[in-house]
Amino acid sequence: MTMDPLDKLVAMANQIARNLAHDDDPAGATAAHIATYWSPRMRAQIAACEGEGLTEVSRDAIARLGVRHAD
Amino acid sequence: MGYERQADFGTPEVHGDHHVTCTIDGRAVTVPAGTSVMRAAALAGGSIPKLCASDNLKAFGSCRLCLVEIEGMRGTPASCTTPVAEGMKVQTQTPRLQKLRRGVMELYISDHPLDCLTCSANNDCELQDQAAAVGLRDVRYGYEGETHLGAAIDTSNPYFDFDPSKCIACSRCVRACDEVQGTLALTIEGRGFASKVSAGLAGEDFFSSECVSCGACVQACPTATLQEKAVKDIGKPERAVVTTCAYCGVGCTFRAEMRGEQLVRMIPWKDGKANHGHSCVKGRFAWGYAQHADRILSPMIRDAIDQPWREVSWEEALSYTARRLQELRERHGRNALGGITSSRCTNEETFLVQKLVRAGFGTNNVDTCARVCHSPTGYGLKTTFGTSAGTQDFDSVDDSDVILVIGANPTDAHPVFASRMKRRIRGKDGRPGARLIVIDPRRTDLVRSPHIAADLHLPLRPGTNVAVLTAMAHVIVIEGLADEEFIRARCDWEEYRHWADFVAIDRNSPEVLAEVTGVTPQDVRAAARLYATGGNAAIYYGLGVTEHSQGSSTVMAIANLAMATGNIGRRGVGVNPLRGQNNVQGACDMGSFPHELSGYRHVSDAATRALFEAEWGVPIDPEPGLRIPNMLDAAVEGAFKALYIQGEDILQSDPDTRHVAAGLAAMELVIVHDLFLNETANYAHVFLPGSTFLEKDGTFTNAERRIQRVRKVMEPRNGLADWEVTQELARAMGLGWNYTHPSQIMDEIARLTPTFSGVNYARLDAEGSLQWPVNAAAPDGSPIMHVDGFVRGKGRFVVTDYVPTDERTGPRFPLLLTTGRILSQYNVGAQTRRTANAMWHGEDVLEIHPTDAENRGLQDGDWVRLASRSGETTLRAKVTERVAPGVVYTTFHHPETQANVVTTDFSDWATNCPEYKVTAVQVSPSNGPSDWQADYAEQARRSRRIELHRAEPAE
Ligand code: SF4
Ligand code: SF4
Ligand code: SF4
Ligand code: FES
C-alpha cells in the first residue's frame, strides 16, 4: 500500500490541482500552494520527475514553480 | 492558609442589568434582580444554613433549613427559593429561626450514623457544619429512626464510594447528574425517611449503571455518602492549587487538592471559564498514571534499537544526544534533522522545541501532532476567515437556537462541553431548547440520549462530508435563504456569486448527491432550512471533518455555510473546531508547523523572520520544512536522519503503522521525550524522561482560544520539567538559553507574536484566563472573533467541489472503516490505560452492523480479522446498530490492536492530515492475533529491555 515516494508526491500534486480546479487560475493556485507548503527538496524531486503521472494542470503548476536547488 | 472548600453561594449567579437593593441583617446589598435571598446573604458576607442548595444547582427548597424572616411577609420562607425584591428587609438569625432549624436538623441527625470522628468527611462535611451552625445539642427522636444505617457500601466505581447509611436524601446528587452532567443516572427511590438514592435500575450498582463517572454528584454531596476513595485512603487535603486539565481541548480548570506532595483529589474549579465547575472522568479522576510504576524516571540511551536500554545520568544523555545531533548535521546537512512538538505539552514547551529546531538544528523541519488532527482547520479557517481559530467561546452555545454537529462526538471526546450543549438542547425554565442537527456516519450518543433527540440525523457515508455540505449550500442558495445583506457587508460579493453559481448547479442538489452520500434528500433540505432560518445557528465539528482527503475543503465548506447565512461574528453562532488534545490550539499558535512561525506567519515573510533573527541571533530558513509524513518519506529515502519527539507517540497515533515504523527504523537518531516507553520508543536511541502536568508551570490554550495556567503542585519525579529538558539539550548543543521560569518564555512569545502581545503570567494569574488575540485592538482578549470584520478583511467564499477519496471499497474490501475515541480513554491511551479508566474500556472493539455481521457469520464478542490494503489486525466484534450497514468503527487506544496498521497513507490534499476516517476493509472470522500483532509484541518486548544497573559511582 505504501507508495513509492515520488509517486506519492505526484499523487499529492494532482490531488492539490484537482481540489483547486475551481480557482480562477488553477495551475497558479497549485504552484502557489506547493511553494507555500512543500520543502525545497520535495519541490526539486517533483520538478525532476519531468511530468510523468502529472495531470495537465499540475504539470503546468510544477513548471511554474521555478525550483531552486535544495541544499 | 489551610484547606478550605471553594465558597458556595447557595444558588446560581443571575445575570442581568437590572439591580435591586435589600437589607440583610441590617446590611444593605445590591444584586441583579432574580438573585435569591440566600445568595444575596452570602454575597453580603453572611451565611444562611442550608443542605439542599448548592450554587451550581437550581434551588430546590426541600430541606427547610434555610428559612428566614422577611418584613411584611408571613411565615418563614425558604431563602434559597425566594428572590430578593427592592427594599426587602431580611432577618437570617432570630431565636424563632434557630428553633425551627434545630428541629429540622434533629430529624436529619436521627437518621444519621454518629461516627463523625472516624468518618472520612470529618471536618469537611456540610451536615456537620450545619449542625454546628444551628447549635444542635440534642436529638429527641432517638437514633433508630427509619434509616439506612447498616446499608451496604457500593464500591463498584473505581474512584468513589456510595455509602447509603450517610445519605440525607437532599437529592443534590440527583440534580447534579441531571442538570450539570445531563446523564440522568440517579433517582431518589421511596419517600420520606425511606427515600434513598439509587443509580438506575434496582440491583444496579454505580459501575453497571448509566453513570459516566464525571464526579458531579460526588462534588455535590454534602456528606460522606458519595466520596472519593482517595480521600478515604489519604485523608483530608491541606492545600489547593488551581491548574488546568491536561487531557482534552475543553481545558477544564481544577483545584488540585494536595496533602504534602500527594495529590488527594482534583475538584473542578467553579471560576473556571471553560468548565464552570464541571469535569469528566478523565480530568477528575484519571491522574494516577503520574505515579504509575511504568513511568521512566532516568534518561536512557543505546546505540542501536536491538540493544537493551542503558540508564545514564542527565549529563551523559544530553551530551551524547547533542554530540550525535551535531555529527549527523555535519554529515548530512541541517535538513536531515527535525523535531515534533506535542499538543499535550505547554505553550512554553512547544515554543522551545520549535525554537530548538529552527535556531539550534537550523532547519524548519518541525511539525506537531496537530498535523494528524486539526491542520485542515488551520488551512480552511485561515483561507476563509483569515486566522486559524474557532470563532466562539464555549458560553456562546447558551445563545444558540440551532446547533449543527458534524464529525464530532462531544459526549465522548469533549464531555464537559457536551454537557453544556445538552443543557442548551434540553431548554430551561420555559425557554425552548436549541434544535439539533447531527451529521455523522454513526448514531452517536447525541443523536439520542435521555431528554435529547436530534431533530435531524444525517448518517452519511464516510468520506462524503463535502457532498452533504454542498448539497445544503445548494438548498440555501436555490431557496433564497442566504443572508445577502450580511454577505454584501462582510464578504467579497464577487467570490460569493462565483460560489453561489457553483453550488446552485443541478449536480449539487441533495437529490443527485444522495447517490454518493446515502443521505435522504428531504433530510438534507430540512437540515439546510433549519440551519439557515432557525435563528442563531452554530456549527461544532471535530476530527470526523478534518481527517479526510478533503478535510480542508470540508472546513471551508462549513465556513461558507456560516458566512452565507450570516452566522458569524456574534454570540450563539460561529464555526467551532472541537480540538482533540488539550493544547492543539496552543501548539498551532506557537509556530509548530514547518511553514510558519508563531502567530501563523509564513517563514517566507522577511519582516517576521527579521524579528526572530534579532531575538535569537541566528538566521531563519525562509523555506518551509518537512511535515511529519514527509520526514518519514525522506527518512526511508535516506535523507532524514535525526528526530526529536516531545510527548508524542507517532508510531501508534499516525496512520499506516508499517510506513511509520520503516521511517523511524531508517533514522540514525530518534530521541523520545515522554513519560513512558511508548510505542515510538521501540525505535528510539535516546529516551529523555518527561514530567506530568502536575510537575510543571506553563500554559495551555483550549479550543476556545483560552490561555490558562498550568501550575506545578509537586516536584518533577524525573528531576526536570519538560521545558528544562529542552533547555538543557539546547545548552548541550551550545545555545545560550537561560530561562529560569516558563513566564520568561511566555514573555518572549508575547514579544514575538502580535496576537499574544498582551499575555503575561501576572495577568493570567490576576484574571484567571485570557482569550487570544490579546493585543492593542483587543486588550482584554477576544471571546468572539470576527465581530466587526473578518481578520482577513472580507470573508472569502471558496468553491469546494466534492472529490471522492482514492480509497475505494471493492470486492476485496467492501466495508468502510472509520475510527474515533471513547470517553474514558484518551488518544493513544498511554495515560488513561494506566489508570482505573481501563475498567470501562479494556480493549478496542470493532462495531459492526448486525446485517454485515450475519453475512460473515459473526457473533457479538467474536474475534475478527480486520484487513485493508495496508495491513491487518485482529480484535473483538461488537454487533450494534449504531453503525450503518457497510460501515465499521473502532477506536485506537490500545497498542495491541494497532488500528493504524490498517489505515492508509492517503491524506488531506492541502495539509497531508491523514485520512483516518475512511479505509476500505474486509472483516472475517479469526481465532486470534495476526502475525503482525505477534511479531510486533515480540519486537516491543525486546526493545523495551533495560539493562540491569551497572555499579555506578554515588553522585
Ligand atoms: S458520576 Fe456523574 S454521571 Fe455518574 S451518577 Fe454522578 S453525576 Fe451522574
Ligand atoms: S447521596 Fe449525598 S447528595 Fe445524594 S441525596 Fe444523599 S446526601 Fe444528598
Ligand atoms: S478531559 Fe476534557 S472535559 Fe474532561 S476534565 Fe479534562 S478538559 Fe475537562
Ligand atoms: S437550602 Fe433552602 S430549602 Fe434546602
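For clarity, every value in this text was computed on a predicted model and none was experimentally measured.

S.K.: Would you mind going over the overall build of chain B in detail, with residue names and values included?
M.R.: Helix and strand counts for chain B come out as 29 helices and 36 strands. A compact globule built from 955 residues would reach a C-alpha radius of gyration of about 30 Å, and chain B, at 29 Å, matches this within 12%. By its C-alpha atoms, chain B is 90 × 80 × 65 Å across when sized along the principal axes. Counting all 955 residues of chain B, 65% fall into the buried class. Accessible surface, chain B: about 32600 Å² in total, of which carbon and sulfur atoms supply 50%. Across chain B, the 99 positively charged side chains and the 118 negatively charged ones have centroids separated by 3 Å.

S.K.: Help me get a handle on the site of ligand 3, residues and values and all.
M.R.: Residues and elements named next belong to chain B. In the region of ligand 3, the neighbouring residues are C245, Y247, C248, G251, C252, F254, C280, K282, G283, P415 and V416. Contributions of two or more residues to the shell around ligand 3 are made by α7 (281-285) and α12 (415-426). Here the shell around ligand 3 is composed, by residue class, of eight nonpolar, two polar and one charged.

S.K.: Account for the pairing of strand β22 (residues 574-577) of chain B, with residues named and values stated.
M.R.: Working note: regular strand, side chains alternate between the two faces of the sheet. Residue and element names in this part refer to chain B. Of the two faces of β22, the one holding G574 and N576 and the one holding V575 and P577 are both buried throughout. The pairing of strand β21 (residues 537-541) with β22 spans four bridges and is classified as parallel. Note on β22: the bridge partner recorded for Y540 is N576.

S.K.: How would you explain the pattern of salt bridges if you had to name every residue and give the values?
M.R.: Residue and element names in this part refer to chain B. Summed over all chains, the structure comprises 59 salt bridges over all chains. Salt-bridge contacts for E704 lead to R706; the nearest nitrogen and oxygen are separated by 2.6 Å. What makes E704 buried here is its relative accessible area of 1%. It is possible to trace a salt-bridge network through shared partners that takes in R5, D124, E228, R255, E257, R265 and R284.

S.K.: Give me the lowdown on the sheet that holds strand β26 (residues 669-674) of chain B, citing residues and values where you can.
M.R.: Residues and elements named next belong to chain B. Judged by pairing direction, the sheet is mixed, and its seven strands sit side by side in the order β13-β12-β27-β26-β25-β14-β15 without closing on themselves. Every interior strand has two partners, whereas the edge strands, β13 (310-311) and β15 (366-368), have only one. In this structure, strand β25 (residues 642-646) lies alongside β26, joined through five bridges in parallel fashion. Paired with I645 across the bridge in β26 is V672. On top of the sheet, helix α22 (residues 628-636) reaches β14 (337-341), β15 and β25; it is set at about 125° to β15, its chief contact. Across the sheet, helix α25 (residues 722-732) lies against β25, β26 and β27 (686-689), angled at about 160° from β25, the strand it touches most.

S.K.: Provide a residue-level description of helix α4 (residues 56-64) of chain A, including the pertinent values.
M.R.: Residues and elements named next belong to chain A. Along α4, the positions that sit buried rather than exposed are S58, A61 and I62. Seen from one end, α4 has its buried residues packed into an arc of 95°, which puts them on one side. Relative to its buried face, α4 has exposed residues pointing more than 90 degrees away, namely E56 and A63.

S.K.: So what's going on with the domain arrangement of chain B? Residues and values would help.
M.R.: All names here are of chain B. In terms of domain boundaries, chain B breaks down into domain 1 (19-134), domain 2 (160-291), domain 3 (300-373 + 584-767), domain 4 (376-577) and domain 5 (815-942). Computed from C-alpha atoms alone, the centre-to-centre distance between domain 1 and domain 2 is 24 Å. Taken together, the contact pairs 26 residues of domain 1 with 20 residues of domain 2. For the pair domain 1 and domain 2, the summed buried area comes to about 2000 Å², and 52% of that belongs to carbon and sulfur atoms.

S.K.: For the UniProt feature "domain: 4Fe-4S Mo/W bis-MGD-type" (unreviewed entry) in chain B, give the residues involved together with the corresponding values.
M.R.: The UniProt record marks residues 238-294 of chain B with the feature "domain: 4Fe-4S Mo/W bis-MGD-type" (unreviewed entry), using the residue numbering of this structure. Along residues 238-294 of chain B the backbone is 9% helical and 35% strand, and the end-to-end C-alpha distance reaches 28 Å.

S.K.: I'd like a rundown of the environment of B:K236, residues and numbers included.
M.R.: Residues and elements named next belong to chain B. Here K236 lies in the loop between α6 (229-234) and β9 (239-244). Note on K236: relative accessible area 25%, which makes it partly exposed. In the structure, K236 is positioned 292 residues away from A528 in sequence and 54 Å away in space, judged by C-alpha atoms. Excluding residues within four positions of it along the chain, K236 makes contact with Y3, N122, N123, D124 and R259. A polar contact of 3.3 Å, which involves the side chain of K236, links it to the backbone oxygen of N123.

S.K.: Before we move on, can you summarise the environment of B:G871 with the specific residues and values?
M.R.: Residues and elements named next belong to chain B. If you trace the backbone, G871 turns up in the loop between β33 (863-868) and β34 (872-879). Once the C-alpha coordinates of G871 and V921 are considered, the two residues, 50 residues apart in sequence, prove to be 9.6 Å apart. Beyond its immediate sequence surroundings of up to four residues, G871 is in contact with R658, L866, V901 and V902.

S.K.: Could you give an account of the site of ligand 2, naming the residues involved and the relevant values?
M.R.: As a matter of local geometry, ligand 2 sits amid 13 residues, with B:C167, B:C170, B:S171, B:C173 and B:C221 nearest to it. In the shell around ligand 2, the residues fall into nine nonpolar, three polar and one charged.

S.K.: I'd like a rundown of the sheet that holds strand β29 (residues 706-710) of chain B, residues and numbers included.
M.R.: Residue and element names in this part refer to chain B. Sheet architecture is open: three strands sit in the order β28-β29-β30, paired in antiparallel fashion. Sheet topology places β28 (698-701) and β30 (769-771) at the edges, where each strand pairs with a single neighbour. With strand direction ignored, the average angle separating the axes of adjacent strands in the sheet is 30°. Sheet topology places β28 next to β29; four bridges connect them, and they run antiparallel. Looking at the pairing, T699 lines up with R709 of β29.

S.K.: So what's going on with the packing of helix α1 (residues 5-19) of chain A against helix α2 (residues 26-37) of chain A? Residues and values would help.
M.R.: All names here are of chain A. In the contact formed by α1 and α2, the axes pass within 9 Å of each other and the chain directions differ by 130°. Viewed along their axes, α1 and α2 adopt a mutual orientation that is oblique. The chirality of how α1 crosses α2 is right-handed. Of the residues in α2, those in contact with A13, I16 and A17 of α1 are T30, H33 and I34. For the contact of α1 with α2, the class distribution of residues is four nonpolar, two polar and no charged.

S.K.: Residues and numbers for unusual backbone geometry, please.
M.R.: Residue and element names in this part refer to chain B. The peptide bond linking W772 to P773 adopts the cis configuration, its omega dihedral lying at -5°. Along the chain, P773 turns up in the loop between β30 and β31 (815-820). One non-glycine residue, R64, adopts positive backbone phi at about 65°. The partly exposed category is assigned to R64, whose relative accessible area is 39%. Even without being a glycine, N123 presents a positive backbone phi close to 75°. For N123, the position within the fold is in the loop between α2 (95-110) and α3 (126-133).

S.K.: Please set out the confidence of the model for chain B residue by residue, giving values where relevant.
M.R.: Residues and elements named next belong to chain B. Per-residue confidence for chain B gives a mean pLDDT of 90; residues scoring 70 or more make up 96%. Every residue in residues 951-955 is under pLDDT 50, and counting partners more than four places away or in other chains gives one contact. Predicted complex, confidence summary: ipTM 0.89, pTM 0.91.

S.K.: Tell me about the packing of helix α10 (residues 375-384) of chain B against helix α19 (residues 551-564) of chain B, and name the residues and values.
M.R.: Residues and elements named next belong to chain B. Here α10 crosses α19 at 40°, and the two axes come no closer than 8 Å. One element, α10, and the other, α19, form an angle in the oblique class. Considering the relative orientation of α10 and α19, their crossing is right-handed. On α19, the residues that touch P376, T377, Y379, G380, L381, T383 and T384 of α10 are G551, S552, V555, M556, A559, N560 and M563. Each residue belonging to the contact of α10 with α19 can be placed in one class, and the counts come to seven nonpolar, seven polar and no charged.

The rules behind these values
- Residues numbered from 1 in each chain as written.
- Chains lettered and ligands numbered in written order.
- Predicted model: local features only at pLDDT ≥ 70, side-chain atom pairs only at ≥ 80, totals over all residues.
- Heavy atoms only, no water.
- Helix = DSSP H or I, 4+ residues; strand = E, 2+ residues; numbered from the N terminus.
- Rg over C-alpha atoms; globule rule 2.2 N^0.38 Å.
- Buried < 20%, exposed > 50% of the residue type's maximum accessible area, 1.4 Å probe, protein only.
- Areas by Shrake-Rupley, 256 points an atom, 1.4 Å probe, with all protein chains shown as cover.
- Lys, Arg positive; Asp, Glu negative; His and termini not counted.
- Charge placed at Lys NZ, Arg CZ, Asp CG, Glu CD.
- Near = heavy atom within 4 Å.
- Nonpolar A, V, L, I, M, F, W, Y, C, P; charged D, E, K, R; others polar.
- Pairing = 2+ DSSP bridges.
- Salt bridge = Lys/Arg side-chain N within 4 Å of Asp/Glu carboxyl O.
- Contact = heavy atoms within 4.5 Å.
- Axes fitted to C-alpha atoms, helices over the stretch in contact; angles between N-to-C directions.
- Arc of directions from axis to C-beta.
- Domains from an automatic or database assignment.
- Buried area = accessible area lost by both parts, 1.4 Å probe.
- UniProt positions renumbered as here; feature names shortened; annotations may be inferred.
- Polar contact = N/O pair within 3.5 Å; in protein donor to acceptor, adjacent residues only side chain to side chain.
- Parallel < 35°, antiparallel > 145°, perpendicular 65-115°, else oblique.
- Left-handed = near helix turned anticlockwise from the far one by under 90°.
- pLDDT = per-residue confidence, 0-100.

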